[in-house]
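Chains, contacts and geometry: an overview
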Amino acid sequence: MTRGRIRSKIRRSNLYTFSCLRPQTTDTEGPNAVQGSRVVHCNQPQLHLKKPLKYCSNFISTTKYNVVTFLPKAIFEQFRRVANLYFLLAAVLSLTPISPFTPVSMIAPLAFVVGLSMAKEALEDSRRFVQDMKVNLRKVSVHKGDGVFGYRPWHKIRVGDVLKVEKDQFFPADLLLLSSSYEDGICYVETMNLDGETNLKVKRCLETTLSLNDDESFKDFLGKIRCEDPNPSLYTFVGNLEYDRQVFPLDPTQILLRDSKLRNTAFVYGVVVFTGHDSKVMQNATKSPSKRSTIEKKMDYIIYILFTLLVLISLISSLGFAVKTKYQVPDWWYLQPKKPDGVFDPTNPSLSGFYHLITALILYGYLIPISLYVSIEVVKVLQATFINQDRHMYDEESGNTAQARTSNLNEELGQVDTILSDKTGTLTCNQMDFLKCSIAGTAYGVHSSEVEVAAVQQMAIQEEDVDLSNFPKRRGGRHVSRDNVERASEIELETVITSSNENDLKPTIKGFSFEDRRLMNGNWSKEPNADVHLLFFRILAICHTAIPEYNEATGSFTYEAESPDEGAFLVAAREFGFEFFRRTQSSVFVRERYTNSGEPVEKEYKILNLLDFTSKRKRMSVIVQDQEGQILLLCKGADSIIFDRLSKNGKVYEETTTKHLNEYGEAGLRTLALAYRKLEESQYATWNNEFQKAKTSIGGDREAMLERISDMMERELILVGATAVEDKLQKGVPQCIDKLAQAGLKIWVLTGDKMETAINIGFACSLLRQGMKQICITTTNSDALVKDGKEGAKENILNQITNATQMIKLEKDPHAAFALIIDGKTLGYVLDDNMKHQFLGLAVDCASVICCRVSPKQKAEVTRLVKEGTGKTTLAIGDGANDVGMIQEADIGVGISGVEGMQAVMASDFSIAQFRFLERLLVVHGHWCYKRIAQMVCYFFYKNIAFGLTLFYFEAFAAFSGQSIYDDWYMLLFNVILTSLPVISLGVFEQDVSSEVCLQFPALYQQGPKNLFFDWYRILGWMGNGLYSSLVIFFLNIVIFYDQAFRVGGETADMEAVGTTMFTCIIWAVNCQIALTMSHFTWIQHLLVWGSIVTWYLFLFLYGMMSPLISGNAYQILVEVLGPAPIYWAATLLVTITCNLPYLAHISFQRCFNPMDHHIIQEIKYYKKDIEDRHMWTRERSKARQETKIGFTARVEAKIRQLRGRLQKKHSSNLSAS
């Protein structure tokens, strides 16, 4: 889009009423005292190269490691894990004579596991490094001396440098604004990265530096800044500028913060005050906390159990060995007991037992799965790759994909209980659309809000399975079928009216979705009360602070406004024929297209005063004089404020307008009332004298005086009408919230917006609905509370919480729903230790919770309260720097990668482009990842117990000698190759149901929060299965081979033959077990599962072919010893079947008599009942959702209950009448 040059000669500072006056100068002899020791020499950065003025560089690093610290820190991280520490000790001991294994069999697996984990850490940290370097290498224009500016990378900027920042560039450091392209030194700044707000902030320089407005003027510029030390406060700044032998006090209006963006201003000059990690945005950055998933934490307890088992059987083994050494070794002459070596010393059995304890701890170490951690990390990286590559989470508009920024929390996505969401930019686009209006008591606008359209669609889906192509779209959609409209109207939803075909072809206008022929194309002049309509449109076109920009591409004007609402009003005024096209210092110009003459007329309105909007005033007024000399006060504001200020003859349309406002509010629209007042010149002159006195006064009560005098003027108003704009929800937000609610998730909204806005969006998202009882916890300003102070306020809030809790407990209607709404000021009291648990108890009992006017710190505190108070998994989602705190505090942080700002994404664990993708991230990927990891971990412990305990049984069988029945290479390959790939395929590819079914049956998600697949019952069940398998594998093989020949020649089996047969049985049993565990097979899983078994035989063949110096007793073990023996193959078959029979019986019984939800769905899909019997499939889908009181589904069900109640009442009255 080509944007015209901004009018740089507008002295905007004159327009603002409630802005501070320009700072007063003070003498050099008595400068204002500044707390802080920082001294900045302007335009002399070389003076800051040595102490005490040596400040940090502008280089930013968010990495965990650097080249020097990587090795020590990464090794320390790896050996913080208890299991790795154990294996390190075992590897060291393997170098001693008491080890039952060769050193390579212990060191190689440990080196492989630790090396792979460190490589993963390096890869993830390198990505952070690349992101940092992208920021550090951005270029900005810097004064190099003699009035010459040149570009330099951000990381080379120093304190004291003078920078020239151009339009749409980010500020590379915290700067003191010296001048701008505007004559009076103002500039517009977007602080979305800092506070999440997209509306522009006005900054203004000191009057004394206004002349520094070109490159040459900095040739001899010198000055000194004394200011506060680096601190995280974004909204305060204390300092002085010593310039031209005077001292000027500085305040936040002169400070441009790093990562904010210059908008609507051609250029600014500024001097660097804080660089790098001293800047306020970096001072606000917190170290990313170390997050661990619930499953990983539970794994530690399982490891402790296995350690306990390991120590127990090692103690038994060493005790048995000590007894054998004392009583039986002296009789075993072949061991030469008379020449003891410490290990076999009949004279000192205690020492021999101690040595054997160490041997046993190493020997039975296979109970602890060394490859578990590395396998899980490999699986999680592959799972993260699938998340990143999911096309259904690709946003075409921005080109952004979903990103798993850390793979450690994949399974945690499947166990979320509560979602804490930001509003602006997360749920909404912060793009306002003018949709409806009420003028002179008549409602206009036939397009429906997204809430209404989605409700109609949802109702039709609830009634019967119909073709959605007949449903209406927002604009440019098809007609609504008559049946569907009638069905919707039966449940008292507003009938959706779509435009005709010719209107459907009209291009979409950003900010304007209004459609009504009665007002468009000048038809408003034919309406009754056309003069009121004229005033309505003029208020829209005049009452604002925006600046127009001519767009050469479209041939029309666009507007840079301080709020999206204001921009929408100006676009609406333009489309109605009242185009605001120019602003000067004292006037606005409007081109009116539809006049009595039929020709467009340009009208000038002189701006006499502008009474700006504040959150306290909740209104904005402008006093103008038209070309006829008539003075008018034009006002727009919250209806509650405007209606209280109406004159007696100004309430003609109050009743009907109030009705329309209520309807708009129910549709989730943001509303404002419009009014005006005609003023006499004498009346205005008298008031203006008072106003100017207040404006130029200096003192603490200046703002109060201005407020009082403004309030005097904003009285006796005449109501004109009301507007209804839609804060457009991001695409798919209502449907996503509905699906998440059906999945049993609780949703809290934490927003910096005012309460009215948050409530409107609550209705738009169906977090609130008509009939839901709203509990508003607020602080009141009564005289009693003022006297009692903080304690009185606390007591009052506590009473409100107690009463609300009691009300919920006494509620008898099972369908009653409660919504809790609280503001930031009240939260300040509530988050106190004495009250927060009562508040949390109330919040948990409510269907939805909305916190308004909350600060970034409060967002983090609320998140911590929910996380720690409920003990359940929390997920925080946001898009701005103000959301970083709660994103880092939550168990899982999700950042929205919007058009602007990446701070939330950089702090997050996962990033998505739109809120709607959260549905798929949780309900599909979260569900899959949880079940995959849970089953994988359980299986890992099963196979290691099944394998490790056979070593203990043989120990007991062989007089606790410390002899292993297996070859060292068998044991080395067991975890690393022969059983690792099938379990990785389970963790990566397993699906109990497809992604489509996950979305159709959202209640399946509750298997995660309820932890059905990783509770102690299931964990101990798998351990028991491992114990059973180990007993079968060892004793069945011993029984088969103990005292009978296994070859034609009559040879009996030696230890190598029995050990190889047992190992073959283990490989078959555990791989068949994992095949039974899988619900979903791909060719990859078949290849890895059955390929692992083939690999074992291939290894046995090749290993046996090697020289006896390498293969030892395993020389030709398969070809000559076991292969020709039928008993080897028969034993393998018998043991494998016996090991897996109980599990097969268990899952068969469960599916037949106690099936889980996914079992039923699998059976329906297998027999294709979803295709053959659609009615049954739809019925099952309607059952498969958690009972919820929020979302469109809950709204529809409430409407249906309401309708049924009325029908029953009507039926009863008919019966009584007859």
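Every value quoted in this text rests on a predicted model; they were computed, and no experiment measured them.

With that out of the way, let us pick up the overall build of the protein. When helices and strands are counted, the protein shows 39 helices and 33 strands. The burial tally for the protein puts 56% of its 1218 residues in the buried class. Restricting to contacts in the protein with at least 6 residues of sequence separation, those with at least 24 account for 75%. Accessible surface computed for the protein: about 52900 Å², of which carbon and sulfur atoms make up 55%.

Our focus in this paragraph is helix α7 (residues 349-363). In a regular helix each residue adds 1.5 Å, so 15 residues correspond to 21 Å; α7 covers 20 Å between its end C-alpha atoms and thus fits that length. Within α7, the full set of buried residues consists of P349, S352, G353, H356, I358, T359, A360, I362 and L363. On the buried face of α7, the contacting elements are α2 (82-93), α3 (103-136), α6 (294-327) and α26 (917-957).

For the structure on display, the rule yields 30 salt bridges. Here D417 makes a salt bridge to K746, at a shortest N to O gap of 3.3 Å. Placement of the pair is D417 in strand β15 (residues 416-421) and K746 in strand β27 (residues 746-750), with a sequence separation of 329 residues. You can call D417 buried: its relative accessible area is 10%. Residue class for K746 comes out partly exposed when judged on its relative accessible area of 30%. Among the ionic pairs, E889 bridges to R864, the shortest N-O distance being 3.3 Å. Of this pair, E889 sits in helix α24 (residues 884-889) while R864 sits in helix α23 (residues 856-870); the two residues are 25 residues apart in sequence, bridging distant segments of the chain. A single network of salt bridges, built from pairs that share partners, joins R619, R645, E707, D711, E714 and R715.

Below, the discussion takes up the sheet that holds strand β11 (residues 255-256). Overall, antiparallel pairing links the six strands, which are arranged β3-β2-β4-β13-β5-β11 in an open sheet. Of all the strands in the sheet, the pair left with one neighbour each is β3 (148-153) and β11. As paired elements, strand β5 (residues 174-180) and strand β13 (residues 267-274) share six bridges and run antiparallel to each other. Bridge pairing links S180 to V268 in β13.

This part covers the nonpolar core. One recurring pattern in soluble globular proteins is that nonpolar side chains are buried together. Of all hydrophobic cores here, the largest spans 110 residues; its most connected members are V937, Y966, Y970, F1014, F1063 and W1096. Ranked by residue count, the leading element in this core is α26, at 17 residues. Not counting residues within four places of it along the chain, the set of residues in contact with W1096 comprises Y970, L978, T1060, F1063, T1064, I1067 and Y1128. Core analysis: the next-biggest nonpolar cluster, separate from the first, contains 73 residues, V532, F589, L674 and Y684 among them.

Here we come to the environment of V104. Looking at the secondary structure, you find V104 in helix α3. Classification of V104 as partly exposed rests on a relative accessible area of 44%. A sequence separation of 13 residues divides V104 from A91, and the C-alpha atoms of the two residues are 8.6 Å apart. Setting aside residues no more than four positions away along its own chain, V104 makes contact with P109 and L972.

This part takes up the packing of aromatic side chains. Counted by the stated rule, this structure contains 55 aromatic pairs. Both rings, one in F1149 and one in F1153, keep their centres 4.9 Å apart while their planes meet at 40°; by these two values the pair is tilted. Of this pair, F1149 and F1153 both sit in helix α35 (residues 1126-1153), separated by four residues, roughly a single helical turn. Owing to a relative accessible area of 62%, F1153 belongs among the exposed residues under this scheme. Put simply, the rings of F434, F512, F514, W524, F536, F537, F569, F576 and F578 touch in pairs and so form one group of aromatic residues. The ring of Y55 has R38 sitting right over it, with the charged end atom 3.9 Å from the ring centre.

Time to look at the confidence of the model for the protein. Averaged over the protein, the pLDDT score is 81; the fraction of residues at 70 or greater is 85%. Every residue in residues 1-33 scores below 50 in pLDDT, and together they form 99 contacts with partners more than four places removed in sequence or on other chains.

On the basis of which strands lie adjacent, the open sheet formed by four strands has the order β1-β8-β9-β10 and antiparallel pairing. At either end of the open sheet lies a strand with only one pairing partner, and these are β1 (38-42) and β10 (246-250). Strand-to-strand twist in this sheet, taken as the mean axis angle between neighbours without regard to direction, amounts to 20°. Note that strand β8 (residues 223-227) and strand β9 (residues 239-243) share four bridges and pair antiparallel. From the neighbouring strand, K224 faces β9, where its bridge partner is E242.

With that settled, the discussion passes to the environment of I747. Secondary-structure assignment places I747 in strand β27. I747 sits in the buried class, given a relative accessible area of 2%. For I747, the residues in contact, after removing those within four places along its chain, are I419, I737, L740, L767, S848, V849 and I1190.

So, on to the packing of helix α18 (residues 733-742) against α26. For the pair α18 and α26, interaxial distance at closest approach is 8 Å and the crossing angle is 20°. Of the possible angle classes, the one that applies to α18 and α26 is roughly parallel. Handedness of the crossing formed by α18 with α26: left-handed. Residues Q735, C736, K739 and L740 of α18 lie in contact with α26, whose contacting residues are L918, E919, L922 and V923. Looking at the contact of α18 with α26 residue by residue, the classes come out as five nonpolar, one polar and two charged.

Taking burial as the measure, the 10 residues of α18 include nine buried ones, the bulk of the element. Every buried residue of α18 is listed here: V733, P734, C736, I737, D738, K739, L740, A741 and Q742. Backbone geometry just after α18 places G744 at a positive phi near 90°.

Here we come to the side chain of N688. Among the secondary structure elements, N688 is positioned in helix α16 (residues 681-696). Using a relative accessible area of 17% as the deciding quantity, one classes N688 as buried. A polar atom in the side chain of N688 sits 3.2 Å from the side chain of N609.

With that settled, consider the UniProt feature "active site" (unreviewed entry) in the protein. The UniProt entry lists D422 under the feature "active site" (unreviewed entry), expressed in the numbering used here. Structurally, D422 is set in the loop between β15 and β16 (428-439). When its relative accessible area of 4% is taken as the criterion, D422 is described as buried. Once you skip the residues sitting within four places of it in the chain, D422 turns out to touch L427, L750, T751, K859, I877, G878, D879, D883 and M886. There is a polar contact of 3.1 Å between the side chain of D422 and the side chain of K859.

Following the sequence through the fold, S710 ends up in helix α17 (residues 702-713). A polar contact of 2.8 Å, which involves the side chain of S710, links it to the backbone oxygen of L706.

Together, D146, D214, E216 and D220 line one region of the surface with negative charge. With respect to the element layout, D146 can be found in the loop between β2 (139-145) and β3.

Right, let's get into the packing of α26 against helix α28 (residues 980-989). Contact geometry for α26 and α28: axes closest at 8 Å, N-to-C directions at 160°. In terms of their interaxial angle, α26 and α28 are classed as roughly antiparallel. Considering how the two elements wind past one another, α26 and α28 form a crossing that is right-handed. For the pair α26 and α28, contact is made by R932, Q935, M936, Y939 and F940 and by V983, L986, G987, V988 and F989, respectively. By residue class, the composition of the contact of α26 with α28 is seven nonpolar, two polar and one charged.

Thresholds applied
- Residues numbered from 1 in each chain as written.
- Predicted model: local features only at pLDDT ≥ 70, side-chain atom pairs only at ≥ 80, totals over all residues.
- Heavy atoms only, no water.
- Helix = DSSP H or I, 4+ residues; strand = E, 2+ residues; numbered from the N terminus.
- Buried < 20%, exposed > 50% of the residue type's maximum accessible area, 1.4 Å probe, protein only.
- Contact = heavy atoms within 4.5 Å.
- Areas by Shrake-Rupley, 256 points an atom, 1.4 Å probe, with all protein chains shown as cover.
- Expected span 1.5 Å × (residues − 1).
- Salt bridge = Lys/Arg side-chain N within 4 Å of Asp/Glu carboxyl O.
- Pairing = 2+ DSSP bridges.
- Core = buried A, V, L, I, M, F, W, Y, C linked by side-chain atoms within 4.5 Å.
- Phe/Tyr/Trp six-rings, centres within 6.5 Å; stacked < 30°, edge-to-face > 60°.
- Lys NZ or Arg CZ within 6 Å of the ring centre and 35° of its normal.
- pLDDT = per-residue confidence, 0-100.
- Axes fitted to C-alpha atoms, helices over the stretch in contact; angles between N-to-C directions.
- Parallel < 35°, antiparallel > 145°, perpendicular 65-115°, else oblique.
- Left-handed = near helix turned anticlockwise from the far one by under 90°.
- Nonpolar A, V, L, I, M, F, W, Y, C, P; charged D, E, K, R; others polar.
- Polar contact = N/O pair within 3.5 Å; in protein donor to acceptor, adjacent residues only side chain to side chain.
- UniProt positions renumbered as here; feature names shortened; annotations may be inferred.
- Patch = residues over 30% accessible without salt bridge, like charges linked within 9 Å, V, L, I, M, F, W, Y side chains within 5 Å.
- Lys, Arg positive; Asp, Glu negative; His and termini not counted.
- Charge placed at Lys NZ, Arg CZ, Asp CG, Glu CD.

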